[in-house]
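Listed here are the chains, written in short residue letters.
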Amino acid sequence: MTDAKIASAIGRFFFLIHLDEAAARESATLALNEWRSRIQKVANPAVMARPLLVQVLSEFFHRFKQVPQSGQPVVFSADDWVIPSDVDLGPWLEFRKLAETDELLAVLLLKVLNQSEDIVSVGMNVSVGTLRHRLSRGLKRLGQIQLSSVGGQSRE
């Protein structure tokens, strides 16, 4: 995984955590610098790039998990932060508020960043079974939120 791909993954991760341009950029910069520092210290950077990415994101996620979740995302000022008009962030906003931290992290790492179960389990130091359980709970919760959001719109 190249440095640019790592930076992109970190940026997406913090965008979905904060939904605030300034906070996302600040967190992403700190996490990227931490990842770069750690990758220089390992014997096989090509093999360890993804597990270290997961490890760093997990650590930063737990630092920021107490950050208040706003009801609506802020308007982003830069073109690279533009949200497509057909994307509905409503279910994601609700999921961020309702999900347990381990569920949110599993969904982000496995489904949004498309990291493999093996890589994530190594990076988080949990079993694949535990990770699958967290993902299952998170996807079920997100699905229920999506269904209630679609159901609520059809009644209006």
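Preceding this section is the structure that the text describes.
Criteria and thresholds
Residues numbered from 1 in each chain as written. Predicted model: local features only at pLDDT ≥ 70, side-chain atom pairs only at ≥ 80, totals over all residues. Heavy atoms only, no water. Salt bridge = Lys/Arg side-chain N within 4 Å of Asp/Glu carboxyl O. Helix = DSSP H or I, 4+ residues; strand = E, 2+ residues; numbered from the N terminus. Buried < 20%, exposed > 50% of the residue type's maximum accessible area, 1.4 Å probe, protein only. Expected span 1.5 Å × (residues − 1). Contact = heavy atoms within 4.5 Å. Core = buried A, V, L, I, M, F, W, Y, C linked by side-chain atoms within 4.5 Å. Phe/Tyr/Trp six-rings, centres within 6.5 Å; stacked < 30°, edge-to-face > 60°. Lys NZ or Arg CZ within 6 Å of the ring centre and 35° of its normal. Axes fitted to C-alpha atoms, helices over the stretch in contact; angles between N-to-C directions. Parallel < 35°, antiparallel > 145°, perpendicular 65-115°, else oblique. Left-handed = near helix turned anticlockwise from the far one by under 90°. Nonpolar A, V, L, I, M, F, W, Y, C, P; charged D, E, K, R; others polar.

Considerations on the pattern of salt bridges
No. 1: This model, assessed by the stated rule, comprises 11 salt bridges.
No. 2: For the salt bridge of E100 with R137, the shortest nitrogen-to-oxygen distance reads 3.2 Å. Of this pair, E100 sits in the loop between α4 (90-98) and α5 (101-112) while R137 is found in helix α7 (residues 128-155), placing the two residues 37 residues apart along the sequence.
No. 3: Of the residues examined, E100 reaches a relative accessible area of 41% and is grouped as partly exposed.

Concerning helix α1 (residues 3-18)
No. 1: The terminal C-alpha atoms of α1 lie 22 Å apart, and with 16 residues this matches the ideal 22 Å at 1.5 Å per residue to within 8%.
No. 2: Listed in full, the buried residues belonging to α1 are I6, A9, I10, G11, F13, F14, F15, L16, I17 and H18.
No. 3: Buried residues belonging to α1 abut α2 (21-39), α3 (45-64), α4 and α5.
No. 4: After α1 finishes, the residue L19 shows a positive phi value of roughly 50 degrees.

Some thoughts on the nonpolar core
No. 1: Counting residues in each nonpolar core, the largest one holds 42 residues, and the members touching the most others are I10, F13, F14, W35, L57, W92 and L109.
No. 2: Sorting the residues of this core by element identifies α1, α2, α3, α4, α5, α6 (117-124) and α7 as the ones contributing at least two each.
No. 3: Setting aside residues up to four positions removed in sequence, L109 forms contacts with F13, V54, L57, N114, Q115, V120 and M124.

A short note on unusual backbone geometry
Note on backbone geometry: most residues besides glycine have negative phi, and most peptide bonds are trans.
No. 1: The phi angle at N114 is positive, at roughly 55 degrees, despite the residue not being glycine.
No. 2: Checked against the element boundaries, N114 lands in the loop between α5 and α6.
No. 3: In the Ramachandran plot, N125 falls in the positive-phi region, its phi being about 60 degrees despite a non-glycine side chain.
No. 4: Along the chain, N125 falls in the loop between α6 and α7.

Examining the packing of aromatic side chains
No. 1: This model, assessed by the stated rule, comprises 4 aromatic pairs.
No. 2: Measuring from ring centre to ring centre gives 5.0 Å for F13 and F14, while their planes differ by 85 degrees; the resulting arrangement is edge-to-face. With respect to class, F13 is no different from F14; both count as buried.
No. 3: On the basis of an interplanar angle of 50 degrees and a centroid distance of 5.4 Å, the ring pair of W92 and F95 is categorised as tilted. Taken together, the residues W92 and F95, both in helix α4 and 3 residues apart, mark about one turn of the helix.
No. 4: Under the relative-accessibility criterion, W92 is labelled buried at 9%.
No. 5: What links up through ring pairs into an aromatic cluster is the set F13, F14, F60 and F61.
No. 6: One residue, R63, lies across the ring of F60, its end atom 4.3 Å from the ring centre.

Description of the environment of V120
No. 1: Within the secondary structure, V120 is located in helix α6.
No. 2: Given a relative accessible area of 0%, V120 falls into the buried group.
No. 3: On a C-alpha basis, the gap between V120 and L53 in space is 9.1 Å, while along the polypeptide they are 67 residues apart.
No. 4: With near-sequence residues (within four places) excluded, V120 lies in contact with V54, L109, L110, Q115 and L131.

Description of the packing of α3 against α6
No. 1: Where α3 meets α6, the closest approach of the two axes is 8 Å, and the angle between their N-to-C directions is 55 degrees. It follows from the interaxial angle that α3 and α6 lie oblique. The chirality of how α3 crosses α6 is right-handed. Note on element contacts: α6 touches α3 through I119, V120, V122, G123 and M124, opposite R50, P51, V54, Q55 and S58.
No. 2: Partitioning the contact of α3 with α6 into residue classes produces 6 nonpolar, 3 polar and 1 charged.

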